[in-house]
Amino acid sequence: DAILFDHVQHIGAGSEGEVKAISDFTKGLKETAMALNCAVILASQINRPLKAINYQTGKAVVQRPTIFDLKGCSTLEQEAAFILLLHPSGEYVDAGVSIVEAYLDGNRFGPKVEGKMLFHEATTTFKGLG
């Protein structure tokens, strides 16, 4: 029912044609999804600092991810029906249970949406809040 590909950031890593490699790969996955009539989920880990210093206040602020943090973002945005960005909020409910912020971005079927979910580390599961 679905194809899951993790670590999309490694496609074409370090090659001159990195963006083209990502573009060819995502187009191929889209064609495969249409042929098999199934969903394709690409996962990517963004390598960027979680916090940055606000130079006006001098305080650390949590940075929220954006589509532009994704490698090959223009290609991914062009081919994707939507892009879901997950970000740790830094809030913990219990040991091993934290709150994750979710941002539905680049949504072809509607507006951008924000929400929060509980993340259970032991089972790697998410549960919506309210």
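What this report covers is the structure whose coordinates are included nearby. Every value quoted in this text rests on a predicted model; they were computed, and no experiment measured them.

1. Topic: helix H1 (residues 18–36)
At step 1: Helix length check: H1, at 19 residues, gives a terminal C-alpha distance of 27 Å against a target of 27 Å (1.5 Å per residue), a fit within 8%.
At step 2: If you check which residues of H1 are buried, you get Ile22, Ser23, Thr26, Leu29 and Ala33. In an axial view of H1, the angular spread of the buried residues amounts to 135°, which keeps them on one side of the axis. Those residues of H1 that are exposed and angled more than 90 degrees off the buried face are Lys20, Glu31 and Ala35.
At step 3: Of the surrounding elements, those touching the buried residues of H1 are strand S2 (39–42) and helix H2 (73–79).
At step 4: Looking at the residues trailing H1, positive phi occurs at Asn37, about 55°.

2. Considering the pattern of salt bridges
Pairing between side chains of opposite charge can happen when the charged atoms of each approach one another.
At step 1: Counted by the stated rule, this structure contains four salt bridges.
At step 2: Linking Asp24 and Lys20 is a salt bridge whose minimum nitrogen-to-oxygen distance equals 2.8 Å. In this pair, Asp24 and Lys20 both sit in helix H1, four residues apart, roughly one turn of the helix.
At step 3: Taking relative accessible area as the criterion, Asp24 reaches 42% and is therefore assigned partly exposed.
At step 4: The partner of Glu91 in a salt bridge is Lys116, and the shortest N-O contact between them spans 3.6 Å. With Glu91 in strand S5 (residues 83–94) and Lys116 in strand S7 (residues 113–120), the pair connects residues that are 25 residues apart, well separated along the chain.

3. Side note on a nonpolar patch on the surface
At step 1: The grouping of Phe82, Leu84, Leu86, Phe109 and Phe126 at the surface amounts to a nonpolar patch, some 550 Å² of accessible area in total.
At step 2: Tracing the sequence through the fold places Phe126 in strand S8 (residues 125–128).
At step 3: Exposure remark for Phe126: the relative accessible area of 40% places this residue in the partly exposed category.

So, how was this worked out
- Residues numbered from 1 in each chain as written.
- Predicted model: local features only at pLDDT ≥ 70, side-chain atom pairs only at ≥ 80, totals over all residues.
- Heavy atoms only, no water.
- Helix = DSSP H or I, 4+ residues; strand = E, 2+ residues; numbered from the N terminus.
- Expected span 1.5 Å × (residues − 1).
- Buried < 20%, exposed > 50% of the residue type's maximum accessible area, 1.4 Å probe, protein only.
- Arc of directions from axis to C-beta.
- Contact = heavy atoms within 4.5 Å.
- Salt bridge = Lys/Arg side-chain N within 4 Å of Asp/Glu carboxyl O.
- Patch = residues over 30% accessible without salt bridge, like charges linked within 9 Å, V, L, I, M, F, W, Y side chains within 5 Å.
- Areas by Shrake-Rupley, 256 points an atom, 1.4 Å probe, with all protein chains shown as cover.

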